[in-house]
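Given next are the chains, with one letter for each unit.
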Amino acid sequence: MKNGHSAVRQLRYLPAVGSAYGVEVLSFAALRSMDVHRRRVRPQRPDFHVFALVGSGTGTHEADFHSYRLGEGGVVWIRPGMVHRWSDVDACDGPLVLFRPGFLPGLTASEAAASACWHLDRQRLSLALLAAEHLGREHDAAVRTPHLASPALLSHLLAALILRTLPGTPPPAGATSAGSRHTEVFRAFRAAVEEHFTDWHHVTDYAQALGYDVRTLTRATRAAAGTGAKAFLDQRILLEAKRLLAHTDLPVGGCARRLGFGDVGNFTTFFRRQAGTPPAVWRAAYRPDSA
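Let us look at the structure shown here. (Residues numbered from 1 in each chain as written. Predicted model: local features only at pLDDT ≥ 70, side-chain atom pairs only at ≥ 80, totals over all residues. Heavy atoms only, no water.)

## Topic: the overall build of the protein chain
Basically, it comes down to this: Strands here are runs of E lasting at least two residues and helices are runs of H or I lasting at least four, both read from the DSSP assignment and numbered beginning at the N terminus. In this scheme, a residue with accessible area under 20% of its type's maximum is buried, one over 50% is exposed, and one in between is partly exposed, where area comes from a 1.4 Å probe on protein chains only. Should any heavy atoms of two residues lie within 4.5 Å, those residues are counted as being in contact. Each accessible area is a Shrake-Rupley estimate made with a 1.4 Å probe; only the visible protein chains count as cover when residues are assessed.
When helices and strands are tallied, the protein chain shows 11 helices and 10 strands. When the 291 residues of the protein chain are sorted by exposure, 44% land in the buried category. A separation threshold of at least 6 residues defines the contact pool for the protein chain, and within that pool the share at least 24 residues apart is 75%. Carbon together with sulfur atoms contributes 55% to the accessible area of the protein chain, which is approximately 14500 Å² in total.

## What to know about unusual backbone geometry
Despite not being glycine, arginine 38 shows a phi value in the positive range, around 55 degrees. Note on placement: arginine 38 falls in the loop between helix H1 (28–34) and strand E3 (44–46). Positive phi outside glycine occurs at phenylalanine 65, with the angle close to 75 degrees. Looking at the element boundaries, phenylalanine 65 is found in the loop between strand E5 (59–63) and strand E6 (66–70). Residue classification places phenylalanine 65 among the partly exposed residues on the basis of a relative accessible area of 27%.

## Quick notes on the environment of phenylalanine 197
Position of phenylalanine 197 relative to the elements: it lies in the loop between helix H5 (176–196) and helix H6 (203–210). Overall, phenylalanine 197 belongs to the buried group, its relative accessible area being 6%. As a C-alpha pair, phenylalanine 197 and leucine 259 span 62 residues in sequence and 7.6 Å in three-dimensional space. Other than its neighbours up to four places away in sequence, phenylalanine 197 contacts Ala192, Tyr206, Leu233, Arg236, Ile237, Glu240 and Leu259.

## Side note on the packing of aromatic side chains
Short version of the rule: Working definition: a ring pair exists when centres of Phe, Tyr or Trp rings (six-membered ring for Trp) sit within 6.5 Å. Plane angles under 30 degrees give stacked, over 60 give edge-to-face, the rest tilted. Any Lys NZ or Arg CZ found within 6 Å of a ring centre and within 35 degrees of that ring's normal is scored as a charge over the ring.
On inspection of all chains with the given rule, the structure shows 14 aromatic pairs. Here the aromatic rings of phenylalanine 28 and tryptophan 86 are separated by 5.5 Å at their centres, their planes lie at 85 degrees, and the arrangement is edge-to-face. In this pair, phenylalanine 28 is assigned in helix H1 and tryptophan 86 in strand E8 (residues 84–88), connecting sequence segments 58 residues apart. There is no split in this pair, since phenylalanine 28 and tryptophan 86 are both buried. Judged by centre distance (5.3 Å) and plane angle (80 degrees), the ring pair of phenylalanine 65 and tyrosine 286 falls under edge-to-face. One end of the pair, phenylalanine 65, is in the loop between E5 and E6; the other, tyrosine 286, is in helix H11 (residues 279–286), with 221 residues separating them in the sequence. Through a chain of ring-to-ring contacts, three or more aromatic side chains come together here, namely Phe65, Phe261, Phe267, Phe270, Phe271, Trp282 and Tyr286. Its guanidinium or amino end placed over the ring of tryptophan 77, arginine 79 lies 4.3 Å from that ring's centre, counting from NZ or CZ.

## Examining the nonpolar core
Our working definition: Residue types Ala, Val, Leu, Ile, Met, Phe, Trp, Tyr and Cys, when buried and joined through side-chain atoms within 4.5 Å, form a set referred to as a nonpolar core.
Judged by nonpolar contacts, the single largest core of 32 residues is most densely connected at Phe189, Tyr206, Leu217 and Phe267. Going through the elements one at a time, H5, H6, helix H7 (214–225), helix H8 (229–247), helix H9 (252–258) and helix H10 (264–275) are the ones with two or more residues in this core. The leading source of residues in this core is H8, at 9 residues. Beyond its immediate stretch of four places on either side in the chain, leucine 217 contacts Val185, Phe189, Val203, Tyr206, Ala207, Leu210, Tyr212 and Ala229. In this structure, Leu53, Val75, Leu125 and Leu166 belong to the second largest nonpolar core, which totals 27 residues.

## Some details on the packing of H8 against H11
Quick reminder of the rule: Angles here are taken between N-to-C directions and fall from 0 to 180 degrees, while the axes themselves are lines fitted to C-alpha atoms, restricted in helices to the stretch in contact. Roughly parallel covers angles under 35 degrees, roughly antiparallel covers those over 145, roughly perpendicular covers 65 to 115, and oblique covers all other angles. In this scheme, a crossing is called left-handed if the near helix is turned counterclockwise away from the far one by less than a right angle; it is called right-handed if the turn is clockwise. Residue classes follow a fixed rule: Ala, Val, Leu, Ile, Met, Phe, Trp, Tyr, Cys and Pro count as nonpolar, while Asp, Glu, Lys and Arg count as charged, and any other residue, Gly among them, counts as polar.
At their nearest, the axes of H8 and H11 sit 9 Å apart, and the two run at 55 degrees to each other. With respect to H11, the axis of H8 lies oblique. As for the relative orientation of H8 and H11, their crossing is right-handed in sense. Contact residues: Lys242, Leu244, Leu245, Ala246 and His247 in H8; Pro279, Trp282, Arg283 and Tyr286 in H11. Among the residues making up the contact of H8 with H11, the classes are represented as 6 nonpolar, 1 polar and 2 charged.

## A word on H8
Which entries qualify depends on this criterion: To estimate how far a helix should reach, multiply one less than its number of residues by 1.5 Å.
Along its 19 residues, H8 runs 27 Å from first to last C-alpha, staying within 8% of the 27 Å computed at 1.5 Å per residue. H8 sits mainly inside the fold: 14 of its 19 residues count as buried.

## Topic: the side chain of arginine 40
Our working definition: What qualifies as a polar contact is a pair of N or O atoms within 3.5 Å, subject to a donor-acceptor requirement within protein and to the restriction that residues adjacent in sequence count only when both atoms come from side chains.
If you trace the backbone, arginine 40 turns up in the loop between H1 and E3. Accessibility expressed as a relative area gives 5% for arginine 40, which makes it buried. Only 3.1 Å separates the side chain of arginine 40 from the side chain of aspartate 90, close enough to count as a polar contact. Aside from chain neighbours lying at most four places away, what touches arginine 40 is Leu31, Arg32, Asp35, Arg85, Trp86, Val89 and Asp90.

## Quick notes on the layout of surface pockets
As a reminder, the rule being used: Here a cavity means grid points, on a 1 Å grid over the protein atoms only, where a 1.4 Å probe fits yet cannot get out; a pocket means an open set of points with protein on both sides within 12 Å along at least five of seven lines; lining residues are those with an atom within 4 Å of a point. Grid points are joined across faces, edges and corners, and a volume is the space filled by probe spheres set on the points.
Approximately 570 Å³ is the volume attributed to the second largest pocket. Lining the second largest pocket are 22 residues, with Leu11, Leu31, Met34, Phe48 and Leu98 positioned closest to its centre. When grouped by side-chain class, the residues that make up the lining of the second largest pocket number 14 nonpolar, 2 polar and 6 charged.

Take a look at the structure:
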């Protein structure tokens, strides 16, 4: 890692021949057979979604500085931009679905609160595996017989699969109007944060750009993600700071500039307040070789 280069593999969405529909259905077995050099165990950052079900077996997975044990009923959802690695999935079996951003229409606020990994009980896992099998069969049919291909059908089947697996319960009847409004506002805020967090560090910037007041953004973010708008924005900046510190050789000042802090002291103060330790100390603890 020299000159600020990243140690993370940047993965682009490159569908297999005949799978140019924005979605592709694989399996853990297929992943292992395609990856004989075991690059999966090293950090990677896809520009697409990876959604996986563990039907059987055990393993481990890491996503953005969290390690997860995988077992029967495990669900993994890697969103675009996440840094993750398949630490050990040699014994795992089950479907993996890769899909482009934008292929899946908006779901519910539950999607925003879902972590990278969670667990399903046996009944929900059985239904989820059936949904994944249906999606896989339609995908295979589309590849073999292009005139049967229907991106809309594949999108709806993928939405059904994810809705079947999302943690939590549906909102009660009568709460849908306010919930839909909060979801709409939060999705707009979250998209703007992803686009501008290296430049805009204040919620007022987003409120002005989106045409909402700060209180509206805060209420919507709290309803969807369980935290206020300012905390959500700060956590997004902190996550990217940790990614830069952990996976590049940029000096702390370079990380500060990359994230829009004009002064390294301000960045250090921000990082210490959010993470409880200065950035250089955090980096040394995460990467002892960097000290």
